[in-house]
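Chain residues, written in single-letter form:
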Amino acid sequence: MSQVAICPTCGSNSKIKEKEGNTIYTAVKDDEAFKKIGQLKKAMEKFKLKAETLEKELVALKANL
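Moving on: the overall build of the chain. Tallying secondary structure elements over the chain gives 1 helix and 3 strands in all. Start at the N end of the chain and walk to the C end: the helices and strands fall as β-β-β-α. Over its C-alpha atoms the chain spans a radius of gyration of 18 Å, topping by over 25% the 11 Å that the globule rule assigns to 65 residues. By its C-alpha atoms, the chain is 60 × 30 × 10 Å across when sized along the principal axes. By residue count, 6% of the 65 residues in the chain fall in the buried class.

Below is the structure:
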């Protein structure tokens, strides 16, 4: 998932990519798109936590067999 930060050059919200030790800033031009990126990050975190919980439950069930 991409990281979002404020660009030091122009001050806009930007996606950050690191390539060969250099940080590349790509501007997020639409405020609505920026909000959507935040929503997607939150949704992915929830999904990740749920998946980890289910993995632990599966391991516990396999251990009981």
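This paragraph deals with the sheet that holds strand S3 (residues 22-27). Pairing in this open sheet of 3 strands is antiparallel, and the strands run S1-S2-S3 from one edge to the other. The sheet is open, and its two edges are formed by strand S1 (3-6) and S3, each paired on a single side. Averaged over all adjacent pairs, the angle separating strand axes in this sheet is 45°, with direction ignored. Pairing between S1 and strand S2 (residues 13-19): 4 bridges, direction antiparallel. For Gln 3, the partnering residue across the bridge sits in S2 and is Ile 16.

Turning to the state of the cysteines, a few remarks are in order. Across all of its chains, the model carries 0 disulfides by this definition. With no disulfide of its own, Cys 7 lies closest to Cys 10 among cysteine sulfurs, the gap being 3.7 Å. A residue is classified by how much of its surface remains accessible, and Cys 10, at 54% relative accessible area, is exposed.

We now examine the confidence of the model for the chain. Looking at the chain as a whole, the pLDDT averages 85, with 97% of positions reaching at least 70. Of all the helices and strands in the chain, S1 carries the lowest mean pLDDT, 80, while helix H1 (residues 31-64) carries the highest, 90.

All right, on to the environment of Val 28 then. With respect to the helices and strands, the residue Val 28 is situated in the loop between S3 and H1. For Val 28, a relative accessible area of 15% gives the class buried. Considering only alpha carbons, one finds Val 28 and Lys 56, 28 residues apart in sequence, at a separation of 37 Å. Discounting residues that sit within four places of it in the chain, Val 28 has contacts with Asn 13, Ser 14, Lys 15, Ala 33, Phe 34 and Ile 37.

Reading the values: the criteria
Residues numbered from 1 in each chain as written. Predicted model: local features only at pLDDT ≥ 70, side-chain atom pairs only at ≥ 80, totals over all residues. Heavy atoms only, no water. Helix = DSSP H or I, 4+ residues; strand = E, 2+ residues; numbered from the N terminus. Rg over C-alpha atoms; globule rule 2.2 N^0.38 Å. Buried < 20%, exposed > 50% of the residue type's maximum accessible area, 1.4 Å probe, protein only. Pairing = 2+ DSSP bridges. Axes fitted to C-alpha atoms, helices over the stretch in contact; angles between N-to-C directions. Disulfide = S-S within 2.5 Å. pLDDT = per-residue confidence, 0-100. Contact = heavy atoms within 4.5 Å.

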